[in-house]
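Observations on the model geometry
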Amino acid sequence: MAYLRTAMDSEYWDLNIATPTSLHGSARAVPGQSMPLDGTRASRALRIQQLSFLSNGFPLGIIPAYSPPGSKDLGAFSLQSLLVKTVSSNWWVGLVGQLRPKKLIAPIDRDGPESQPYKDIPKRLLDKSLYSIALCSQLSLTPTTSVFLSTEGQGDKKKRSTKAMLFHKLPNHDITLEAAWPELFVDHKGNYWDVPESISLDCASVVSESGLRYRLGLHNNRGKPLAGNQLDDEAPPALMPGLCAKAAFSYEKSRDIWRRREKKEDFILKTKRGEIWRPAYDVRLKEPHLAVSGIIGGTCSASFAREKSFESVESSEDGSSNSLDSKRTTSLNSDLFGSVCCTFQLGKFRKAFGDLSRIDARLNISSASALARASNIFGKASVNKAENSLSSPRLNLILQQQILGPLVFRVDSKLSLESSSQRKIDPQMEDTIYSLNYSLRLLGSGKVVAWYSPKRKEGMVELRLFEF
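Overview of the structure. All chains use their own residue numbering, which begins from 1 and follows the written sequence. Only residues with pLDDT of at least 70 are given local features in this predicted model, and only at 80 or more are side-chain atom pairs given and counted; all residues enter the totals for whole chains, interfaces and linings. Excluded from the side-chain calculations are hydrogens and water; all other atoms, namely the structure's heavy atoms, are used.

Let's talk about the sheet that holds strand β2 (residues 26-29)
The strand order β1-β2-β10-β11-β14 describes an open sheet built from five strands, whose pairing is mixed. Sheet topology places β1 (16-18) and β14 (226-227) at the edges, where each strand pairs with a single neighbour. As judged from the three bridges shared by β1 and β2, these two strands associate in the antiparallel manner. The partner of Ala 18 across the bridge, within β2, is Ser 26. Any two strands between which DSSP finds at least two bridges are classified as paired. Numbering of helices and strands starts at the N terminus; helices are DSSP runs of H or I of at least 4 residues and strands are runs of E of at least 2.

The structure is reproduced here in structure tokens:
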């Protein structure tokens, strides 16, 4: 089943989107925009933990990645590796490194081995723009409380990024306090934004048997958001300086129209040599079924924004800025959101070939008020630029097909169902993710995912666990 909780999580500042742009392996989704694809969600495992596991299956423990650099001469291809790690019963620390080899080898390929660039290899190895490095550490203070700290420096950027997170688990709630200087965000267009300071406090309930869930959050941004893609677009309103308090609730339900339950003969195979245990490659994909699920919820927020006039502003090298004009604005907002999903699966994902074909079709409405205004339900009403991007429902499709054994090809796509002037639906493709998934049977529902995003022109290899 598609990950329905994205409907509410996308309203907050802590939804992680997978990206190789950062050595942390993720960036925050800009809240209040259209719901991202399920295939773009970052792994629940920290990037340093992923690299520790993936290094066992890659030569020399080097994992490739592909992402546009800040400078073209560095190249998009990069190599990542876990250089050092230390683990104890309640604490671990690790050092992650990255190398972009294009700038190092390009002069050799162009001028030949007898050229001066070939002789200057030792000198070019000292070029710090080739390297990125991140130091990460996690300490478990108690069985229910942990602290995560990290700092990252990229050779082609002057400023280092630092993150801190405190996580506390209650019987029915999770409490998280996070801070970053700066925080990396990605919007629905695939553009990256650096917010100089981002601090958030979040309390989320555990999903109950009834399907009810709620969240309370407090978030503060400071400083002017800086575009990471060298764009002239305006920064999303949710990233502008200010304080925002938000509450949200959701109700989720799922019904099986048809399901073939797992039987003993499915995982116990009888042969001439006796019985053989044959579990599914993924326990979440072991039963053919047809199901319908849905989620509906609402949000209420109070924003205290510090709007600045940046027209006469000169940004310093560390990304800070000064403004001659500043004013405070307060706004109260409430809205409804919802998703409906239909899932159809054939196969039990046990055999070596042709035992899994699956499709998930999910209709998302990110903002009921924006949809109502665009449809003129309440008469003529003006729709601003931010609301216009939310006024069209989105259709997310997930196609999965087994190739051989645990290897599955998957395509995630998102279509905007815009209405033309003739009141006809005009579907527009917004995003697509292609991926190869190698399921790890011993982990129950873990897999190694190699994905590529044509929209963002980036791809990476991840370890994902229980992502449903």
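Re a nonpolar patch on the surface
A cluster of nonpolar residues, Trp 91, Leu 139, Leu 141, Leu 166, Leu 177, Trp 181, Ile 199, Leu 201, Leu 218, Leu 243 and Phe 304, forms a patch on the protein surface that exposes about 890 Å² of accessible area. Elements with a minimum of two residues in the nonpolar patch: β6 (131-142), β9 (173-181) and β12 (197-205). Burial classes: relative accessible area under 20% of the type maximum marks a residue as buried, over 50% as exposed, and values in between as partly exposed (1.4 Å probe, protein chains only). The exposure class of Leu 243 is partly exposed, given its relative accessible area of 33%. Each patch is built from residues that are more than 30% exposed by relative accessible area and take part in no salt bridge. Like charges join if they lie within 9 Å; nonpolar side chains (Val, Leu, Ile, Met, Phe, Trp, Tyr) join within 5 Å. The method behind every accessible area is Shrake-Rupley, applied with a 1.4 Å probe, and residues are considered shielded solely by the protein chains displayed. Counted as salt bridges are all cases of a side-chain nitrogen of Lys or Arg within 4 Å of a carboxyl oxygen of Asp or Glu.

Considerations on the pairing of strand β13 (residues 212-222)
Here eight bridges tie β12 to β13, and the two strands are oriented antiparallel to one another. Paired with Glu 197 across the two strands is Arg 222, which belongs to β13. Linking β12 back to β13 in an antiparallel pair, the connection comprises six residues, with Gly 211 at a positive phi of about 95°. Pairing geometry for β13 and strand β15 (residues 242-259), over 10 bridges, is antiparallel. Pairing of Gly 217 across the sheet is with Lys 246, part of β15.

A look at the packing of aromatic side chains
Between two aromatic rings, the relevant description is the distance of the centres plus the angle of the planes. Ring pairs shown here join Phe, Tyr and Trp side chains whose ring centres sit within 6.5 Å, with only the six-membered ring taken for Trp; geometry is labelled stacked below 30 degrees between planes, edge-to-face above 60, and tilted in between. Counted under the stated rule, the structure contains three aromatic pairs. Ring geometry for Trp 92 versus Phe 148: centroids 6.5 Å apart, planes at 50°, classification tilted. Here Trp 92, found in strand β5 (residues 91-99), pairs with Phe 148, found in strand β7 (residues 145-154); they are 56 residues apart in sequence, far enough to count as distant. Taking relative accessible area as the criterion, Phe 148 reaches 10% and is therefore assigned buried. Here, a charge over a ring means that NZ of Lys or CZ of Arg falls within 6 Å of the ring centre while also lying within 35 degrees of the ring normal. Above the plane of the ring of Tyr 12 lies Arg 215, whose end atom (NZ or CZ) is 4.1 Å from the centre. Cation over ring: Lys 246 sits above Tyr 12, and NZ or CZ is 6.0 Å from the ring centre.

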